[in-house]
Amino acid sequence: MLSRAGALLLVLLLASTALPASAAYDLTVDPRFELLGVVQQLAGGGDAGDAPQYRQRATERFAAFREHPAVRLYADLASRGSREAAAATLMLYYSAPPELALKDPDADIHHLNGPDEAAEMQRFIRELRDFARVSDFARFFGENRAYYAKLEAEARRTLGTVDPAAVIESYVGVSLESRSHYILLPRRGSTLSFIVPYPLPPANAGARAFDVYTMSPDFGSGVVSNHVWTEPLYVFIDPSFYYFEKLNIPVPEEFYGADAARCRAAGPDCVKHCAVVAILRHLNRKAGLSPAPGKSNGAASPLESRLIDALSARLDEYDAHRDRYPTLWDFYPRWFSVFEETAFPGRAPRALTVPSSPKISRTTQFFDPAAVAALLRTGAR
């Protein structure tokens, strides 16, 4: 039987505009991240959460390896938050332990900033590989498969039979051409997410699909409204924002205003975050879900709060006129006007457009050189 959250999501999916089923998801306890969790625990990090007995089993099983170089190196990485997060996302590029083999030698691991950080992470991988071998981590993981299966089953009951990315596809009207991987972390901690290859043009030209990873200790009903949907949204938001700005916003400060342009220059996610939170509000509302607490549903500043409210209000028009706006891309000229209207109240907003050709129906069109050339050529007329 579906949970209430799963049932409501299913209603949303069935009631939405039908698209070809291209997205899919899997949900599992991943040995790569559980190896990382054991090392984190030995380094004094993490939280037992709702699984103190499991944490105790790990403590007893790996006590003899508390001084292993992998543990000491992890403690050093954890003292610098950005490096700890990089160590976690790095695992996505490697096979299961104990081999931890790089899956693609040509992978663009772009969150490693410079040769020093790359060398540091290579050393960490070598030490993790050794830790997994000498501690016989694979045996521990196998001994706890029944516990992991229980956690996975509980999370799946919450999600029901719904593919969250498919719900997003129905709302934005564009195929994400992605697969979502939800990695369940048995220990309480931060939620991390990443997309491979990252969908920010002009890099990764020719990309045909995207793997979306969300690593979280909780996929319960309170998180459906946040972490399960947020990262897949960026598969569409990142490339569409890039090309809409390229076509319509040559001077960001003259469009976004000084404050938003300054925030955007410091990190483009400043304005994208506002758009994503506005969309989440509408997905949550249609599904009957309350937003989970956290930054993904909140605002980091009064400016973001005003933008989120205005963007959400403008999406009411999109919801009411899907016959006129079959995709969110088609609605972008009306939606993006919110930024200028908020920054320059009383000023007549400029005319914004999206080319009528090519019709954007798939996110990979933003990475197809021929489609991009046609998009920019048509937009320049």
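Small disclaimer: the values here were computed from a predicted structure and weren't measured. (Residues numbered from 1 in each chain as written. Predicted model: local features only at pLDDT ≥ 70, side-chain atom pairs only at ≥ 80, totals over all residues. Heavy atoms only, no water.)

Peer 1: Lay out the overall build of the protein in plain terms, naming residues and giving numbers.
Peer 2: Helix and strand counts for the protein stand at 15 helices and 4 strands. Counting over 381 residues, the protein shows a buried share of 50%. Sequence-distant contacts, at least 24 apart, represent 77% of the contacts inside the protein between residues at least 6 apart. Within the structure as shown, the protein displays about 16,800 Å² of accessible surface, and the carbon and sulfur contribution to it stands at 53%. (Helix = DSSP H or I, 4+ residues; strand = E, 2+ residues; numbered from the N terminus. Buried < 20%, exposed > 50% of the residue type's maximum accessible area, 1.4 Å probe, protein only. Contact = heavy atoms within 4.5 Å. Areas by Shrake-Rupley, 256 points an atom, 1.4 Å probe, with all protein chains shown as cover.)

Peer 1: An account of the sheet that holds strand E2 (residues 178-184) is requested, with residue identities and associated values reported.
Peer 2: Within a sheet, neighbouring strands are paired by backbone hydrogen bonds and run either parallel or antiparallel to one another. Strand order in this open sheet of 4 strands is E1-E2-E4-E3, and the pairing throughout is mixed. Each having just a single partner strand, strand E1 (24-28) and strand E3 (192-196) make up the two edges of the open sheet. Shown here is a sheet whose adjacent strand axes are inclined to one another by a mean of 15°, direction ignored. Two elements, E3 and strand E4 (residues 210-216), share 5 bridges in a ladder whose sense is antiparallel. What sits directly across from Leu 192, in E4, is Met 215. (Pairing = 2+ DSSP bridges. Axes fitted to C-alpha atoms, helices over the stretch in contact; angles between N-to-C directions.)

Peer 1: Tell me about helix H8 (residues 145-159), and please be specific about residues and values.
Peer 2: Taking 1.5 Å per residue as the helical rise, H8 with its 15 residues ought to reach 21 Å, and the 21 Å between its terminal C-alpha atoms agrees with that figure. Three or more residues of H8 are buried, namely Tyr 148, Leu 151, Glu 152, Ala 155, Thr 158 and Leu 159. Looking straight down H8, one finds that the buried residues subtend no more than 115° of arc, so they occupy a single side. Across H8 from its buried face, at more than 90 degrees, point the exposed residues Ala 146 and Lys 150. (Expected span 1.5 Å × (residues − 1). Arc of directions from axis to C-beta.)

Peer 1: Run through the packing of helix H4 (residues 69-78) against helix H6 (residues 115-134), naming residues and quoting values.
Peer 2: Packed helix pairs are specified by the crossing angle of their axes together with the interaxial distance, meaning the distance between the axes. Taken N-terminus to C-terminus, the directions of H4 and H6 make an angle of 140°; their axes are 8 Å apart at the nearest point. With respect to each other, H4 and H6 are oriented oblique. Note on packing geometry: the crossing formed by H4 with H6 is left-handed. Between H4 and H6, the residues in contact are Pro 69, Ala 70, Val 71, Leu 73, Tyr 74, Asp 76 and Leu 77 and Glu 120, Met 121, Arg 123, Phe 124, Glu 127, Leu 128 and Phe 131, respectively. Partitioning the contact of H4 with H6 into residue classes produces 10 nonpolar, no polar and 4 charged. (Parallel < 35°, antiparallel > 145°, perpendicular 65-115°, else oblique. Left-handed = near helix turned anticlockwise from the far one by under 90°. Nonpolar A, V, L, I, M, F, W, Y, C, P; charged D, E, K, R; others polar.)

Peer 1: I'd like a rundown of the pattern of salt bridges, residues and numbers included.
Peer 2: A complete count under the given rule lists 14 salt bridges for this structure. Between Arg 262 and Asp 259 there is a salt bridge; the shortest N-O distance is 3.1 Å. You can see Arg 262 and its partner Asp 259 sitting in helix H11 (residues 252-266), 3 residues apart, about one turn around the helix. Judged by its relative accessible area of 54%, Arg 262 is exposed. In this structure Asp 259 comes out as partly exposed when scored by relative accessible area, which is 48%. Across the pair Arg 350 and Glu 340 runs a salt bridge whose closest N-O atoms are separated by 3.4 Å. With Arg 350 in the loop between helix H14 (328-343) and helix H15 (369-379) and Glu 340 in helix H14, this pair connects stretches of sequence that are 10 residues apart. Here Arg 350 falls in the partly exposed class, since its relative accessible area comes to 27%. (Salt bridge = Lys/Arg side-chain N within 4 Å of Asp/Glu carboxyl O.)

Peer 1: If you had to explain the pairing of E2 to someone new, which residues and values would you point to?
Peer 2: The element E2 is largely enclosed, with a buried count of 6 among its 7 residues. Here 5 bridges tie E1 to E2, and the two strands are oriented parallel to one another. In the strand pairing of E2, Ala 24 is matched with Arg 179. Here E2 runs beside E4; their pairing, made up of 7 bridges, is parallel. Along E4, the bridge assignment pairs Ser 180 with Val 212.

Peer 1: Describe the state of the cysteines, naming the residues involved and giving the relevant values.
Peer 2: One pass over the full model with this rule turns up 1 disulfide. Disulfide partner of Cys 263: Cys 270, at an S-S distance of 1.9 Å. With the S-S bond torsion at 110°, the cross-link from Cys 263 to Cys 270 turns out right-handed. Not part of a disulfide, Cys 274 finds its nearest cysteine sulfur in Cys 270, a span of 5.7 Å. (Disulfide = S-S within 2.5 Å.)

Peer 1: Describe in detail the nonpolar core, supporting the description with residues and values.
Peer 2: Counting 107 residues, the largest nonpolar core has Phe 131, Leu 328, Trp 329, Tyr 332, Trp 335 and Phe 336 as the members making the most contacts within it. At 10 residues, helix H10 (residues 221-248) tops the list of elements feeding residues into this core. Each residue touching Tyr 332, except ones within four places of it in the same chain, is listed here: Phe 236, Ile 237, Ser 240, Phe 241, Phe 244, Ser 337 and Val 354. (Core = buried A, V, L, I, M, F, W, Y, C linked by side-chain atoms within 4.5 Å.)

Peer 1: With reference to specific residues and values, describe unusual backbone geometry.
Peer 2: Cis geometry is adopted by the peptide bond preceding Pro 98, which originates at Pro 97 and carries an omega value of 10°. Inspection of the secondary structure puts Pro 98 in the loop between helix H5 (81-90) and H6. The residue after Ser 357, namely Pro 358, is reached through a cis peptide bond having omega 0°. Positive phi is not limited to glycine here, since Leu 100 has a value of about 45°. As for its placement among the helices and strands, Leu 100 is situated in the loop between H5 and H6. The backbone of Asn 204 shows a phi angle near 60°, a positive value even though the residue is not glycine. Locating Asn 204 in the fold gives a position in the loop between E3 and E4. Taking the relative accessible area as the measure of exposure, Asn 204 reaches 26% and is therefore partly exposed.

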